[in-house]
Amino acid sequence: MTRDRSKALYTAARKVIPGGVNSPVRAFRGVGGDPLFIQRGQGPYIWDADGHRYIDYVMSWGPLVLGHAPEPVIEAIREQAGRGTSYGAPTELETQLAELVISLVPSVEMVRFVNSGTEATMSALRLARAYTNRSKIVKFAGHYHGHADMLLVQAGSGVATLGLPDSPGVPAGAVQDTLTLPFNDLPAVEQLFAQFPDQIAAIILEPVVGNMGFVPPQPGYLQGLRDLTRKHGALLIFDEVMTGFRVSLGGAQARYGVMPDLTTLGKVIGGGLPVGAYGGRAEIMQTVAPSGPMYQAGTLSGNPLAMTAGLVTLREWSKPGVFERTEAATQTLVSGIADIARHCGIPIQAGSAGTMFGYFFTSQPVTDYASARTSDTARFARHFHALLDRRIYTAPSQFEAGFTSAAHTPDIIEQTLDAFRVTLPALAAVPS
Ligand code: KE4
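All values derive from a computational prediction rather than experimental measurement. (Residues numbered from 1 in each chain as written. Predicted model: local features only at pLDDT ≥ 70, side-chain atom pairs only at ≥ 80, totals over all residues. Heavy atoms only, no water.)

**With respect to the overall build of the protein**
So the rule is basically this: Each helix is a run of H or I in the DSSP string that is no shorter than four residues. Each strand is a run of E no shorter than two, and both are numbered from the N terminus. A radius of gyration in this sense is built from C-alpha atoms; the matching globule rule multiplies 2.2 Å by the number of residues raised to 0.38. Burial status follows relative accessibility: with a 1.4 Å probe on protein chains alone, a residue under 20% of its type maximum counts as buried, one over 50% as exposed, and anything between as partly exposed. It only takes one pair of heavy atoms within 4.5 Å for two residues to be counted as in contact. Residues counted as positive are Lys and Arg, residues counted as negative are Asp and Glu, and His and the chain ends are not counted. Charge positions come from single atoms, namely NZ of Lys, CZ of Arg, CG of Asp or CD of Glu.
Along its length, the protein carries 15 helices and 14 strands. Its C-alpha atoms give the protein a radius of gyration of 21 Å, near enough to 22 Å, the size a compact globule of 432 residues would have. For the C-alpha atoms alone, the extent of the protein along its principal axes is close to 60 × 55 × 45 Å. A burial count over the protein gives 57% of its 432 residues as buried. The long-range share in the protein, meaning contacts at least 24 apart out of those at least 6 apart in sequence, stands at 72%. Where the 34 positive side-chain charges of the protein centre and where its 36 negative ones centre are 5 Å apart.

**Observations regarding the packing of helix α7 (residues 186-195) against helix α8 (residues 221-232)**
Spelled out, the test is: For helices, the axis comes from a line fit to the C-alpha atoms of the stretch in contact; other axes are also lines fit to C-alpha atoms, and the angle between any two N-to-C directions lies between 0 and 180 degrees. Angle categories: roughly parallel below 35 degrees, roughly antiparallel above 145, roughly perpendicular from 65 to 115, and oblique for all the rest. Note on residue classes: Ala, Val, Leu, Ile, Met, Phe, Trp, Tyr, Cys and Pro are nonpolar, Asp, Glu, Lys and Arg are charged, and everything else, Gly too, is polar.
The N-to-C vectors of α7 and α8 enclose an angle of 10°; their axes lie 10 Å apart at closest approach. Between α7 and α8, the interaxial angle falls into the category roughly parallel. Residues L186, V189, E190 and F193 of α7 touch α8, and the partners they reach there are Y221, G224, L225, L228, T229 and H232. The class makeup of the residues in the contact of α7 with α8 is six nonpolar, three polar and one charged.

**A closer look at the site of the ligand**
Quick reminder of the rule: When at least one non-hydrogen atom of a residue lies within 4 Å of a molecule or strand, that residue is treated as near it. Here a polar contact is recorded for every N or O atom pair within 3.5 Å, except that within protein the pair must consist of a potential hydrogen donor and a potential acceptor, and residues adjacent in sequence are included only if both atoms are side-chain atoms. Calculation of accessible area relied on Shrake-Rupley with a 1.4 Å probe; when residues are assessed, cover is drawn exclusively from the protein chains displayed. Domain extents, as shown, originate in an automatic or database domain assignment.
Close to the ligand lie 17 residues, the nearest being S23, T118, N211, D239 and E400. In the environment of the ligand, an oxygen atom lies 2.7 Å from a nitrogen or oxygen atom belonging to the side chain of T118. The contact in question runs from a nitrogen atom of the ligand to an N or O atom on the side chain of N211, over 2.4 Å. Notes on the ligand: free accessible area 540 Å², of which the protein chains cover 87%. The residues that make up the shell around the ligand include at least three from each of domain 1 (4-69 + 320-428) and domain 2 (71-317).

**Points about the pairing of strand β11 (residues 349-353)**
For a regular strand, side chains alternate in direction, first toward one face of the sheet and then toward the other. We count it as follows: When DSSP locates at least two bridges between a pair of strands, those strands are taken to pair.
Sheet analysis places β11 next to strand β12 (residues 356-360), joined by five bridges and oriented antiparallel. Directly across from A350, in β12, lies its bridge partner Y359. Counted between consecutive antiparallel strands, the loop separating β11 from β12 contains two residues, among which G354 sits at a positive phi close to 60°.

**Description of the layout of surface pockets**
In this approach the atoms are scanned with a rolling probe the size of a water molecule, which exposes any empty space left behind. Cut-off, in case you're wondering: A pocket, in this scheme, is an open set of points on a 1 Å grid over the protein atoms alone with protein on both sides within 12 Å along at least 5 of 7 lines, while a cavity is a set where a 1.4 Å probe fits but cannot get out; residues line either one if an atom lies within 4 Å of a point. Grid points are joined across faces, edges and corners, and a volume is the space filled by probe spheres set on the points.
The volume enclosed by the second largest pocket comes to roughly 440 Å³. Taken together, 23 residues line the second largest pocket, and the ones lying closest to its centre are P90, E94, R112, S301 and G302. Contributions of two or more residues to the lining of the second largest pocket are made by α3 (92-104) and β4 (110-114). Among the elements that take part in the lining of the second largest pocket, α3 stands out by supplying five residues, more than any other. Of the residues in the lining of the second largest pocket, the class split is 10 nonpolar, 10 polar and three charged.

**Regarding the domain arrangement of the protein**
Stated formally: Note on definitions: buried area is the accessible-area loss of two parts on being combined, 1.4 Å probe, summed for both. We count a salt bridge whenever a side-chain nitrogen from Lys or Arg sits within 4 Å of a carboxyl oxygen from Asp or Glu.
The domain boundaries assigned to the protein delineate domain 1 (4-69 + 320-428) and domain 2 (71-317). The gap between the C-alpha centroids of domain 1 and domain 2 is 25 Å. Taken together, the 37 residues of domain 1 in the interface contact 38 residues of domain 2. Among the residues of domain 1 in contact with domain 2, F323, M356 and Y369 are the three that bury the most area, contributing 21% of the side total. Taken together, the connections running from domain 1 to domain 2 amount to one salt bridge. Note that R255 and E327 form a salt bridge whose closest N and O atoms lie 3.2 Å from each other. Linking domain 1 with domain 2 are eight residue pairs in polar contact (both at pLDDT 80 or more). Contributing elements (two or more residues each) for the side of domain 1 that touches domain 2: α12 (322-343), β11, β12 and α13 (369-372). Here the residues of the side of domain 1 that touches domain 2 sort into 20 nonpolar, 12 polar and five charged.

**Topic: the packing of aromatic side chains**
Note the cut-off: Aromatic pairing here means that ring centres of Phe, Tyr or Trp (its six-membered ring) are within 6.5 Å. Orientation follows from the plane angle: under 30 degrees is stacked, over 60 is edge-to-face, and everything else is tilted. Whether a charge sits over a ring comes down to the Lys NZ or Arg CZ being within 6 Å of the ring centre and within 35 degrees of the ring normal.
What the rule picks out here adds up to 13 aromatic pairs. Taking 6.4 Å as the distance between ring centres and 70° as the angle between the ring planes, the aromatic pair formed by F140 and Y221 counts as edge-to-face. Of this pair, F140 sits in strand β5 (residues 136-140) while Y221 is found in helix α8, placing the two residues 81 residues apart along the sequence. Each member of the pair F140 and Y221 is classed as buried. Between the aromatic rings of Y359 and F380, the centroid separation amounts to 6.4 Å while the plane-to-plane angle is 40°, which identifies the pairing as tilted. With a gap of 21 residues between them, Y359 in strand β12 and F380 in helix α14 (residues 377-389) connect regions that are remote in the sequence. A relative accessible area of 7% places F380 in the buried class. Sitting over the ring of W47, R40 keeps its end group 3.7 Å from the ring centre. Over the ring of Y45 we find R53; its NZ or CZ atom is 3.8 Å from the centre of that ring.

**Describing the packing of α14 against helix α15 (residues 410-428)**
Condition: Here is the rule for handedness: rotate from the far helix to the near one, and if that takes an anticlockwise turn smaller than a right angle the crossing is left-handed, while a clockwise turn gives right-handed.
One can describe the packing of α14 onto α15 by two numbers: an axis separation of 10 Å at closest approach and a directional angle of 145°. As for the relative orientation of α14 and α15, their crossing is right-handed in sense. Facing R379, R382, H383, A386 and L387 of α14, the residues of α15 in contact are A419, F420, T423, L424 and L427. The residue inventory of the contact of α14 with α15, partitioned by class, reads six nonpolar, two polar and two charged.

Right, dumping it as structure tokens:
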């Protein structure tokens, strides 16, 4: 299978774009080899520049819950584009999407739209500091919340893959108030509150982690964080940029029944166009300018094109049975992978929550960043390419999650498992 066109495009891109990509994980550094250049997507499929078709489990890193180029969304975008893409003035569309988000995400009473998940988490943390008049923030090793300076410490996703404990260019002052703890360890959180009484503005986390690979919360952990933050006057922020509308229609907070004070959203909310959002209790959100003093702004925030894509995506996704069918397909995929691995003696930790999933090549249960790092990344890389050769496109890093869509119907899942029935046993032949 030649990939000459992708190679030529990659050579050209590297001359004018750092690393030839506009986001590091796309460069395949975590798995080796050259990235594929994609020309189009439709349903569960993408086609590369050489015309090869793949079943896609990256789905633009989560946004495409309906699959690629879903007709209702594309039609609505076309229609709105003819009326203009951005006015820099309020539109009814923003209110409609805000009302829909509020109806789906149980803890959110008010919401502000921005243009990315990074903007959402950066703004939510500024809001938490403004509301509590405290400076310290707590995150967890392996969790990724975008690339704002204060959060780029022991992050997951690209930083974890690139092995950068933190990024050059982030001054000490930017991270002096950022504290990092191990995930799924409540005593560590209790100790931190004792160490910094009345100083912690907020705890932010991925309630189901996707950015160090797929790592769910241990039973009782999220409720424990809720109890501790309430007891110590800190805000609890669920970064649901990835889990929002994916681990359940109402996100992780609905799936686990734990209500944060603030929620950040992205990806799905824009249906593949750039949208982020932060929201939560009205009394907190009223602090945001111009109703309150905390400043945050954006030229294209809430633009009608992105709002249209988000609105139609969430309306289609929340129709009866759509989420449930996709969740069932995801469960079939993950349990199938685990069965195949067990039958051929490949140690694997596989899991899913709603329509996101992941697997680690390790015999050790994965509950935090340290255990995630026990995964055999060389074996992961070999397997990634073996799947690619069988036209299955998965995340090019062990420290990422996988995503399904309404377009991943049972026959697509079965075709995928047919590929795993070849690629996993082949791994057994190569000592890790
Ligand atoms: P963006 O700024 O990329 O829209 O969102 C940042 C972000 C915030 N919070 C969570 C939980 C996230 O997963 C992300 C972004 N996720 C990565 C995937 N690991 C985006 C892919 C990339 O960086 O290219």
